[in-house]
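Single-letter residue listing:
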Amino acid sequence: NGKAANVKLVLLGESAVGKSSLVLRFVNREYSENREPTIGAAFLTQKCHLNDRTIKFEIWDTAGQERFHSLAPMYYRCAQAAVVVYDITKSATLEKAKSWVKELQRQANQDIVIALVGNKSDLAEEDEAERQVQTEDAKAYADESDLLFFETSAKSAQNVDSVFAAIAEKIPLE
Ligand code: GDP
Ligand code: MG
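Residues numbered from 1 in each chain as written. Chains lettered and ligands numbered in written order. Predicted model: local features only at pLDDT ≥ 70, side-chain atom pairs only at ≥ 80, totals over all residues. Heavy atoms only, no water.

Trainee: If you had to explain a negative patch on the surface to someone new, which residues and values would you point to?
Mentor: A cluster of acidic residues, E125, E126, D127 and E130, forms a negative patch at the surface. The exposure class of D127 is partly exposed, given its relative accessible area of 38%. (Patch = residues over 30% accessible without salt bridge, like charges linked within 9 Å, V, L, I, M, F, W, Y side chains within 5 Å. Areas by Shrake-Rupley, 256 points an atom, 1.4 Å probe, with all protein chains shown as cover. Salt bridge = Lys/Arg side-chain N within 4 Å of Asp/Glu carboxyl O. Lys, Arg positive; Asp, Glu negative; His and termini not counted. Charge placed at Lys NZ, Arg CZ, Asp CG, Glu CD. Buried < 20%, exposed > 50% of the residue type's maximum accessible area, 1.4 Å probe, protein only.)

See below:
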């Protein structure tokens, strides 16, 4: 019917896992190594065309630092989708991601679509010894928790569009 559905999406995860880089890759098709850390949160929008539907993502890119944690509910409370990011080269960031998922499943919308995203896959492609989180382990956790799952690289662009397309696909039509 040609109408764009707006989808509020929040990014969560430890700082430096690549949340802002993923959003900038998706929205601006660019990547840069030396970005300033996000303060508070940044807001960006991007349209996604999918079969006969157009989805307009309204994206809140939050700061990962603990001192901003108390602000997070403001961003996820009315979100229809969440992307929870970890860094495949740092297993502690997966633990943090799991605690975000728990918080979302307790406090966010019942029907929120959550994607678990293991970022920086390019580092493991260069040197498999860099990898601390095995794909199968994260995938098994995502399956049992009913999450979409992708490994991405904001640097190479691998799978970045797929995350948002899969979310768009899973958002219920009103
Ligand atoms: P945020 O704090 O989660 O928003 O993380 P940033 O997007 O600010 O990224 C933190 C650091 O990781 C920066 O130096 C990025 O250049 C780097 N980075 C982000 N994504 C990737 C990626 O896919 N691959 C690699 N190798 N580095 C990345
Ligand atoms: Mg950031």
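Trainee: Go over the site of ligand 1 with me, naming the residues and quoting the values.
Mentor: Every one of the 19 residues lining ligand 1 counts as a neighbour, but A16, K19, S21, D122 and A154 are closest to it. Take K19: an N or O atom from its side chain is 2.8 Å from an oxygen atom of ligand 1. If ligand 1 stood free it would expose 580 Å²; the protein chains cover 85% of that surface. At the level of secondary structure, the elements contributing two or more residues to the shell around ligand 1 comprise helix 1 (19-28) and helix 4 (121-126). Per-element accounting of the shell around ligand 1 gives the leading share, three residues, to helix 1. Partitioned by chemical class, the residues of the shell around ligand 1 number five nonpolar, seven polar and seven charged. (Near = heavy atom within 4 Å. Polar contact = N/O pair within 3.5 Å; in protein donor to acceptor, adjacent residues only side chain to side chain. Helix = DSSP H or I, 4+ residues; strand = E, 2+ residues; numbered from the N terminus. Nonpolar A, V, L, I, M, F, W, Y, C, P; charged D, E, K, R; others polar.)

Trainee: Describe the pairing of strand 4 (residues 81-87), with residues and values.
Mentor: Burial of strand 4 is extensive: seven of the seven residues sit out of reach of the surface. Residue alternation in strand 4 divides its side chains into two sets, A81, V83, V85 and D87 and A82, V84 and Y86, and both sets are buried. In terms of strand pairing, strand 1 (residues 4-12) meets strand 4 through four bridges, oriented parallel. The partner of V10 across the bridge, within strand 4, is A82. One ladder, built from seven bridges, connects strand 4 with strand 5 (residues 113-119); its direction is parallel. Looking at the pairing, V85 lines up with V117 of strand 5. For the handedness criterion, the β-α-β arrangement of strand 4, helix 3 (residues 91-107) and strand 5 is classed as right-handed. (Pairing = 2+ DSSP bridges. Right-handed = clockwise from strand over helix to strand, strands pointing away.)

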